[in-house]
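Overview (structure and organization)
So you can see what is in the structure, the chains are spelled out below.
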Amino acid sequence: MIGRKFGKWIVIREAGRKGRAIAYLCGCECGREYRVSGCNLRAGRSLQCNKCKWKNCKKVNTKCMGLSKTSTYNIWRSLLRKCYEENHRDFHKYGANGITVCKEWFTFMGFYDEMGKRPAAYVLHLMFGRDCFSKENCRWVTLSELHKLIFERNKANTYFETDDT
Ligand SMILES: [Zn+2]
């Protein structure tokens, strides 16, 4: 794997694990270095750093049918920021760890269609070991369910939940 190219990535060295997969420190053409899971590289799911991906995708479509004041909208907006805006306070936990957002969720209505309105007092949970916010990988859970999940997670080192902002 070392020295191989995957899109804009070049594999520099092994760097621990991400969930069950071996992680590699990769350098992007833009000069940034991140840990990427080996299976995402081989499957072609990760081809560049989040910053480049962000630059390359069209402006996020924030059209939201009057829902911009809702907590559902805030959760959606904040998960994009955590994954793609380097100056977000949680970027080191998300974007810098290779967590991405599926392309369907680059529009609020795409997110809303798949996840629906946030039920009161629920938070969005990204399942253990998953590294893309998407319908398959996320669900709404209550805080007590979340605490139970945290308790049961044992030593899984990839766990993320969104803030309830
Ligand atoms: Zn880059």
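Calculation rules
- Residue numbers run consecutively from 1 along every chain, following the written order of its sequence.
- Local features in this predicted model are restricted to residues of pLDDT 70 or higher, and side-chain atom pairs are both shown and tallied only at a pLDDT of 80 or more, whereas totals for entire chains, interfaces and linings draw on every residue.
- Secondary structure elements are taken from DSSP: a helix is a run of H or I of four residues or more, a strand is a run of E of two residues or more, and numbering for both begins at the N terminus.
- A residue pair is marked as a contact if its C-beta atoms, positioned from the backbone, fall within 7 Å.
- Note on definitions: a nonpolar core is a set of buried residues drawn from Ala, Val, Leu, Ile, Met, Phe, Trp, Tyr and Cys, linked by C-beta atoms within 7 Å.
- Here a residue counts as buried when 20 or more other C-beta atoms sit within 10 Å of its C-beta, as exposed when there are 12 or fewer, and as partly exposed otherwise, the C-beta atoms being derived from the backbone.

1. Quick look at the overall build of the protein chain
When its secondary structure is counted, the protein chain shows five helices and nine strands. For the protein chain, the succession of helices and strands along the chain, N to C, is β-β-β-β-α-α-α-β-α-β-β-β-α-β. In the protein chain, once contacts between residues fewer than 6 apart in sequence are set aside, the share between residues at least 24 apart is 46%.

2. Points about the nonpolar core
Soluble globular proteins tend to bury their nonpolar side chains together. Counting 17 residues, the largest nonpolar core has Trp76, Leu79, Leu80, Cys83, Val101 and Phe133 as the members making the most contacts within it. Looking at this core, the elements with two or more residues in it are helix H3 (71-84), helix H4 (108-115) and strand S6 (122-126). Broken down by element, the residue count for this core peaks at seven residues, all from H3. With residues up to four places along the chain from it excluded, the contact list for Val101 reads Leu79, Leu80, Cys83, Phe106, Cys132 and Phe133. Listed in part, the ten residues of the second largest apolar core include Phe6, Cys26, Cys28 and Tyr34.

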